[in-house]
Amino acid sequence: MNVRDDIVNISDLYPTAAYKAQFGSISGTLYTKEGVEYSGINMVARNLDNPLEDVITQQSGNMTQGKVGPDGKFTINGLTPGGRYVLYIDTIKAGGYPTAQTQIVSEPEYWDANESANPAVDNSCNVTPIVVAGGETKQADMYFNGYTDGIQYTPLVQAFVMDHAKNGQRALGTTGGGIIFMYDSTGKQTFTVPTDANGVPMLHSAGVAMNKNATKAAGVTDFDGDGVQSPALWDIRANKITELEDPSNGTCTLGSTAGVSSASIWDISDKGDVIAGTFREPYSGEAECAAGAGGASVAVPAVWKNGKVQALRDNIEFVPRSYGNALEVAINDDDGNLVRKTAWIRADRISGNGETVTGMTNGFGQVAWLNGKLRDIYSEFGATDQSVISADGSMVAFGALDLTDRFRPSKGVQIWHTKTDELTDLGSMRWCEDIPYISRWTNYCDYGYDHDSLVAAGAGLPRMTLLDATDDLSIITARAGSLLSGGFKGAIYIDGLGWMTLEEFFDKQGVVEASMFPMDNPFGISADGSKLFGGYAGAEVTFDVDMTKAYVCKDGQDMQLSFPKQVVAAVQKGAEFGRCAHLGD
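Within each chain, residues carry numbers counting from 1 in the order of the written sequence. Local features in this predicted model are restricted to residues whose pLDDT is 70 or higher, and side-chain atom pairs enter the listing and the counts only when it is 80 or higher, whereas totals over whole chains, interfaces and linings include all residues. Computation of side-chain values: all heavy atoms of the structure, hydrogens and water removed.

Before going further, it helps to examine the overall build of the protein chain. Secondary structure is summarised from DSSP: a helix means a run of H or I of at least four residues, a strand means a run of E of at least two, and numbering begins at the N terminus for each. Each helix and strand in the protein chain was counted, giving 7 helices and 46 strands. Burial statistics for the protein chain: of 585 residues in total, 52% are counted as buried. In the protein chain, the share of contacts with a sequence separation of at least 24, taken over all contacts with a separation of at least 6, comes to 52%. Note on areas: Shrake-Rupley, 1.4 Å probe, and residue coverage restricted to the protein chains presented here. Element-wise, carbon and sulfur atoms account for 49% of the exposed surface of the protein chain, whose accessible area totals about 26400 Å². Burial here depends on accessible area, computed with a 1.4 Å probe over protein chains only, as a share of the maximum for the residue type. Under 20% is buried, over 50% is exposed, and the range in between is partly exposed. The criterion used for residue contact is that any of the two residues' heavy atoms lie within 4.5 Å.

This is the structure we're talking about:
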């Protein structure tokens, strides 16, 4: 055996007096920024004079394996006397026996003589070599970097939040194993949903929606055990699930990896009395699908009001496709003239008051219903991808395409004022500054192009997919990019500040925890903008972000203010957004 790390760890199992006297040690404790001991992280000591061969590791908490409470203690033995060792934290890619491996909940960092949790004074890249003599043990405690004030960034590991209450206090989600849970962000606790006699959650995790005050949630469930999930409403306070009207009585279905269902639930009003989604009806026009023919059906956009379904059929009809036996959707104008055809249509967003509904056609084009009246906002305004709605239903925001150009470039984000038909332009992020312009595997930002030259060449503005918004649309969260264009970028629009990437937003606020797990899917924001939920593409994690307080820098001094109103007002009066120590991050 010639691997130094293995030799030392075996020697630790059977130490001799000569071994302890011949080599040095580093001992310490790993803490979170709150001062809580933290197990399961790889503590690495690397000799700068022999960096490839003299590397010794030990897990924090390895002596108790986390079984007696939080334990971040570690001791790294077998160090070469006189060697200059750097101590740093790292994740364990595999194994980690006997202590369960955990995630770094901040940024990776080196130990230095000014070690602390304060990112303003403890630069993660600063290092102080540790030199030990034979038989000597040096103490070196380490802290995850992170501020305990300002914006707080809490990861929910191995969990996906699927919908949240607009009060920002509770959310519904599912674990990696498919177990649905309710999360309480005020107490950082999870709860389960009602279960059947076999302990199976009755509300299926495939699609759930929660109202503003977390008193009701809608989804689908298999009431009678026939394998078909039908629409349901969960009264959270009474802990009771009731059926919503299902026109086909579960006979018309759609199968997917999430199971077989006769309806899809997408959104719910603030009071929980109006629900948006789709139900299925047979191609034949009959009330129910024939036995064994549940798939011969089409999705009908609908709302459920107090449990009763109302189909949103204004100016749409289902007509035979030009190929096969299926139906497609014809969208007509008020005179009955065909505007366009689309493969499918759904209702998936609803205003807080339940009066304005928006939806999608064939994966991109947007439509809206104002008190049941259809508006094809894709054909009218180029509305695409997804939309967000103000609580009173008077404003709808969406990414817009220029349909007069054959390439249909993005025009940025616009707000449609439903009562006046006026449009307000919110712009977009900027090429090369916020997001790369990659086409056919070439990043044109590397070849002298900038935002203005790309727009002038016909690239349009970066295309934004809107994800959520505050009640008054003063804050909008979005995503830009794709897997083929360098990955996704999370974005946030703040009225008075404009667009910025979430990376810039968190960097300026000194949220170092976000550097390890950058949020690129900010899918939920509270009604007042003080809470944010989001995820990271490819990772089984959700982030619970408390933005109640944030920082501005005024005359070289940090000022902690209420977010967003006080922060925006201060910036408009000359302060800079962010902590003074992080303005250049």
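Any two cysteine sulfur atoms lying within 2.5 Å of each other are counted as a disulfide. Throughout the structure, instances matching the rule amount to 3 disulfides. Note that cysteine 432 is cross-linked by a disulfide to cysteine 445, the S-S spacing being 2.1 Å. Handedness of the cysteine 432-cysteine 445 disulfide follows from its S-S torsion of about -85°: it is left-handed. Residue cysteine 432 is found in the loop between strand S34 (423-427) and strand S35 (438-439), and its partner cysteine 445 is found in the loop between strand S36 (442-443) and helix H4 (451-456); the two are separated by 13 residues along the sequence. When the bonded cysteines of the protein chain are counted from the start of the sequence, the pairing works out to 1-2, 3-4, 5-6.

Looking now at unusual backbone geometry. For the peptide bond that leads from phenylalanine 563 to proline 564, omega is 10°, which places it in the cis range. By the element assignment, proline 564 lies in the loop between strand S45 (557-562) and helix H7 (565-572). A positive phi angle, near 60°, is found at asparagine 315, a position not held by glycine. Checked against the element boundaries, asparagine 315 lands in the loop between strand S23 (308-311) and strand S24 (316-320). Of the residues examined, asparagine 315 reaches a relative accessible area of 18% and is grouped as buried.

Here the focus is empty space enclosed by the protein. Lining residues are defined by having an atom within 4 Å of a point belonging to a cavity or pocket. Those points lie on a 1 Å grid over the protein atoms alone, cavities being sets where a 1.4 Å probe fits but cannot get out and pockets being open sets with protein on both sides within 12 Å along at least five of seven lines. Grid points are joined across faces, edges and corners, and a volume is the space filled by probe spheres set on the points. Tallying each qualifying case throughout the model produces 1 cavity of 30 Å³ or more. Looking at the largest cavity, its volume works out to about 40 Å³. Contributing to the lining of the largest cavity are Ile104, Val105, Tyr153, Pro155, Glu513, Phe517 and Phe543. When the residues that make up the lining of the largest cavity are grouped by side-chain class, the tally is 6 nonpolar, no polar and 1 charged. All residues other than Ala, Val, Leu, Ile, Met, Phe, Trp, Tyr, Cys, Pro, Asp, Glu, Lys and Arg, Gly among them, are scored as polar; the first ten of these are nonpolar and the last four charged.

Salt bridges are defined as contacts in which a side-chain nitrogen from Lys or Arg sits within 4 Å of a carboxyl oxygen from Asp or Glu. In the structure shown here, the tally under the stated rule is 20 salt bridges. With a shortest N-O distance of 4.0 Å, aspartate 314 and lysine 373 are connected by a salt bridge. Residue aspartate 314 is found in the loop between S23 and S24, and its partner lysine 373 is found in strand S30 (residues 373-375); the two are separated by 59 residues along the sequence. A salt bridge links lysine 341 to glutamate 328, with the shortest nitrogen-to-oxygen separation between them at 3.9 Å. Of this pair, lysine 341 sits in strand S26 (residues 338-342) while glutamate 328 is found in strand S25 (residues 327-332), placing the two residues 13 residues apart along the sequence. The class for glutamate 328 is buried, based on a relative accessible area of 15%. In the salt-bridge network here, residues are joined through shared partners; they are Asp314, Asp334 and Lys373.

Quick look at the sheet that holds strand S11 (residues 170-175) now. Judged by pairing direction, the sheet is antiparallel, and its 4 strands sit side by side in the order S10-S11-S12-S13 without closing on themselves. Among the strands making up the open sheet, the edge pair consists of strand S10 (159-164) and strand S13 (189-191). Averaged over neighbouring strand pairs, the angle between their axes works out to 35° when direction is ignored. Whether two strands pair depends on DSSP finding at least two bridges between them. Here strand S12 (residues 180-184) runs beside S13; their pairing, made up of 3 bridges, is antiparallel. Within S13, the position partnered with aspartate 184 by the bridge is glutamine 189. In this description, a line fitted to the C-alpha atoms serves as the axis of each element, helices being fitted only across the stretch in contact, and the angle between N-to-C directions of two axes falls anywhere from 0 to 180 degrees.

What follows covers the packing of aromatic side chains. For this analysis, a ring pair means two rings from Phe, Tyr or Trp (six-membered ring only for Trp) whose centres lie within 6.5 Å, classed as stacked if their planes differ by under 30 degrees, edge-to-face if by over 60, and tilted for the remaining angles. Counted by the stated rule, this structure contains 17 aromatic pairs. Between the aromatic rings of tyrosine 31 and tyrosine 143, the centroid separation amounts to 5.0 Å while the plane-to-plane angle is 20°, which identifies the pairing as stacked. Taken as a pair, tyrosine 31 in strand S1 (residues 24-31) and tyrosine 143 in strand S8 (residues 142-143) lie far apart in primary sequence, 112 residues in all. Here tyrosine 31 falls in the buried class, since its relative accessible area comes to 18%.

This part takes up the sheet that holds S26. Reading across the sheet, the 3 strands line up as S24-S25-S26 and stay open at both edges, with antiparallel pairing between neighbours. Of all the strands in the sheet, the pair left with one neighbour each is S24 and S26. Put simply, the sheet's adjacent strands are angled 35° from each other on average, direction ignored. Relative to S25, S24 is paired through 5 bridges, and the arrangement is antiparallel. If you follow isoleucine 316 over to S25, its bridge partner there is isoleucine 331.

So, on to the side chain of aspartate 520. Of note, aspartate 520 is situated in the loop between helix H6 (513-516) and strand S41 (521-525). All tallies of charge rest on Lys and Arg as positive and Asp and Glu as negative; His and the ends of each chain are not included. Of the side chains bearing the opposite charge, arginine 479 lies closest to the buried aspartate 520, which forms no salt bridge; the N-O distance is 6.8 Å. Aspartate 520 has contacts with Arg479, Phe488, Lys489, Gly490, Gly535, Tyr536 and Ala537, leaving out every residue within four places of it along the chain.

So, about helix H1 (residues 4-13). The α-helix advances 3.6 residues per turn, and as a result positions three or four apart in sequence lie on the same side. Considered for burial, the residues of H1 that qualify are Arg4, Asp5 and Val8. The buried residues of H1 all sit within an arc of 100° when viewed along its axis, so they share a single face. Its buried side turned inward, H1 meets helix H2 (17-22), strand S3 (55-59) and strand S4 (73-79). Along the arc lie the directions from the helix axis toward the C-beta atoms.

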